[in-house]
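# Structural description and commentary
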Amino acid sequence: MGSLVQNEAVTASNPQVFFVLQIDGKNTDVLTLSRRVRLINANGTFTTTIADTALNITDAPTGTRIAKGVYHANFTATSYTLGTYDITWTYTYTGSATLTATQRFEVLDPAL
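Residues numbered from 1 in each chain as written. Predicted model: local features only at pLDDT ≥ 70, side-chain atom pairs only at ≥ 80, totals over all residues. Heavy atoms only, no water.

### Description of the nonpolar core
Membership of the largest hydrophobic core comes to 22 residues, with the highest contact counts inside it found for Val-17, Phe-19, Leu-33, Phe-75, Tyr-80, Trp-89 and Phe-105. Ignoring sequence-local partners within four residues, the contact set of Phe-75 consists of Leu-4, Glu-8, Ala-9, Val-10, Val-17, Arg-35, Tyr-80 and Phe-105. (Core = buried A, V, L, I, M, F, W, Y, C linked by side-chain atoms within 4.5 Å. Buried < 20%, exposed > 50% of the residue type's maximum accessible area, 1.4 Å probe, protein only. Contact = heavy atoms within 4.5 Å.)

So, in structure tokens, the structure goes:
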């Protein structure tokens, strides 16, 4: 599980939260990519959707593509409270239906 501190920016040079698409062991570029971030409460249910955003899949720094098939989440954890978050990536690639992948990450206290 990845982590970042409050107010930390996820960028191409600091890809603390990222998506990788591999097909048959090879990195593969997506045709579309979006992300939904939700806070998970203590009993494991989702409490709040923080963001539901389509991403620019062109090369960084303008877009979110870091390398072939690798994309950063492109956000700053300014409004994020400390805790565990779920990020669901929704994507397509050549010849695919719409697919999803989910990861978790932690937002930590910058004073620690």
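### Details of the sheet that holds strand β8 (residues 65–67)
Strand order in the open sheet formed by 3 strands is β3-β9-β8, with antiparallel pairing between adjacent strands. Each edge of the sheet is formed by a strand with only one pairing partner; in this case those strands are β3 (18–20) and β8. The sheet shows a mean angle of 30 degrees between the axes of neighbouring strands, taken without regard to direction. Alignment of β8 against strand β9 (residues 70–72), held across 2 bridges, turns out to be antiparallel. Each residue of the ladder has a partner; that of Ala-67, found in β9, is Val-70. (Pairing = 2+ DSSP bridges. Helix = DSSP H or I, 4+ residues; strand = E, 2+ residues; numbered from the N terminus. Axes fitted to C-alpha atoms, helices over the stretch in contact; angles between N-to-C directions.)

### What to know about the packing of aromatic side chains
With the rule as written, the count across this model stands at 6 aromatic pairs. An angle of 40 degrees between the planes, with centres 5.8 Å apart, marks the rings of Phe-75 and Phe-105 as tilted. With Phe-75 in strand β10 (residues 75–76) and Phe-105 in strand β12 (residues 99–108), the pair connects residues that are 30 residues apart, well separated along the chain. Exposure remark for Phe-75: the relative accessible area of 7% places this residue in the buried category. Feature note: the residues Phe-75, Tyr-80, Tyr-85 and Phe-105 constitute an aromatic cluster, connected by ring pairs. Just above the ring of Phe-46 sits the side chain of Arg-38; from NZ or CZ to the centre is 3.4 Å. (Phe/Tyr/Trp six-rings, centres within 6.5 Å; stacked < 30°, edge-to-face > 60°. Lys NZ or Arg CZ within 6 Å of the ring centre and 35° of its normal.)

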